[in-house]
Amino acid sequence: MTEQHQVHCDCGEVVITLNGSPRVHAHCHCEDCRNLLQVPYHSVLAWDGDQVSVSKGSDALTVFQSPTSNMTRAFCQHCGEVLYNTNAMGWKIVSQWLYRKTHHDTLPESCQPNAHFFYDRRTVNIDDVLPKR
């Protein structure tokens, strides 16, 4: 049986279903994530695009196309919560923070961060034991 996860926005108008385990569960320090989401780094859960679907509220989901990169940000038009973003490879990226927020501050083992990517491009130092690539 395929693992299935769900996340939702603050107001509950949009629910996203994630099928299977994420292909990446790490911290991303790339410039594109930082610029698109206005964060120093992004703790990500990345799924192939076809593994992610809107199970409720597709009419309330708005997609913003970045003018400077091949990335999008999908958010609820009612509460503004970002539900996922896409990267240049077509993956749908859900924030580990959003997952934890919608699951009583828990993150399953298959979603625990296991590395830092683009760490050489970081804007903040992270003192942990995870590999820094």
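Right above here is the structure, for reference.
Each chain has its residues counted from 1, following the order in which its sequence is written. Side-chain atom pairs in this predicted model are given and counted only at pLDDT of 80 or more, local residue features only at pLDDT of at least 70, and totals for whole chains, interfaces and linings cover all residues. Hydrogens are left out, water is left out, and the side-chain values use all remaining heavy atoms of the structure.

## Notes on the pattern of salt bridges
At step 1: By salt bridge we mean one thing: a side-chain nitrogen of Lys or Arg within 4 Å of a carboxyl oxygen of Asp or Glu. Per the stated rule, a full pass over the model turns up six salt bridges.
At step 2: As a salt-bridge pair, D10 and K101 come within 2.5 Å of each other at their nearest N and O atoms. On the criterion of sequence distance, the pair formed by D10 in the loop between strand 1 (4–8) and strand 2 (15–19) and K101 in helix 2 (residues 96–102) is long-range, its members being 91 residues apart.
At step 3: Type-normalised accessible area, obtained with a 1.4 Å probe on protein chains alone, sets the label of each residue: buried when under 20%, exposed when over 50%, and partly exposed for intermediate values. The exposure class assigned to D10 is exposed, which follows from its relative accessible area of 54%.
At step 4: Given the relative accessible area of 33%, K101 is considered partly exposed.
At step 5: For R23, the salt bridge identified is with D48, shortest N-O distance 2.7 Å. Taken together, the residues span a long stretch of sequence, with R23 in the loop between strand 2 and strand 3 (24–28) and D48 in the loop between strand 4 (42–47) and strand 5 (52–56) at a distance of 25 residues. Per the convention used, a helix needs a DSSP run of H or I reaching at least four residues, while a strand needs a run of E reaching at least two, with both numbered from the N terminus.

## A short note on the sheet that holds strand 5
At step 1: Read across the sheet, three strands follow the order 1-2-5 without closing on themselves; strand pairing throughout is antiparallel. Strands at the two margins of the open sheet, each flanked by one partner only, are strand 1 and strand 5. Along the sheet, successive strands turn relative to each other by an average axial angle of 30°, direction set aside.
At step 2: Pairing between strands requires that DSSP locate at least two bridges from one strand to the other. As defined by bridge partners, strand 1 adjoins strand 2 across five bridges and the pair is classed as antiparallel. Paired with H8 across the two strands is V15, which belongs to strand 2. Helix axes are fitted only over the stretch in contact, all axes being lines through C-alpha atoms; the angle between N-to-C directions runs from 0 to 180 degrees.

## Some words on the environment of C9
At step 1: Along the chain, C9 falls in the loop between strand 1 and strand 2.
At step 2: Residues C9 and Q96, spaced 87 residues apart in sequence, show a C-alpha to C-alpha distance of 13 Å.
At step 3: We call two residues in contact when some of their heavy atoms are within 4.5 Å. Not counting chain neighbours up to four residues away, the residues in contact with C9 comprise V14, C76, C79, E81 and L83.

## Some remarks on the sheet that holds strand 3
Hydrogen bonding along the main chain pairs the strands of a sheet, whether they run parallel or antiparallel.
At step 1: With mixed pairing, seven strands are arranged side by side in an open sheet as 6-7-8-9-4-3-10. Either end of the sheet is taken by a strand with one partner, and the two such strands are strand 6 (61–65) and strand 10 (116–117).
At step 2: For strand 3 and strand 4, the ladder comprises five bridges, and the chain directions are antiparallel. The partner of V24 across the bridge, within strand 4, is A46.

## Some words on the nonpolar core
At step 1: Within this scheme, the nonpolar core is defined by two criteria: the residues are buried Ala, Val, Leu, Ile, Met, Phe, Trp, Tyr or Cys, and they are joined through side-chain atoms within 4.5 Å. Core analysis: the biggest nonpolar cluster contains 19 residues, and V7, V14, I16, L18, L83, Y84 and V94 have the highest contact counts within it.
At step 2: Once residues lying within four places of it in the same chain are set aside, the contact partners of V94 are V7, L18, S43, V44, L45, W47, L83 and Y84.
At step 3: Judged by nonpolar contacts, the second largest core, of 13 residues, contains C30, L37, M71 and W91.

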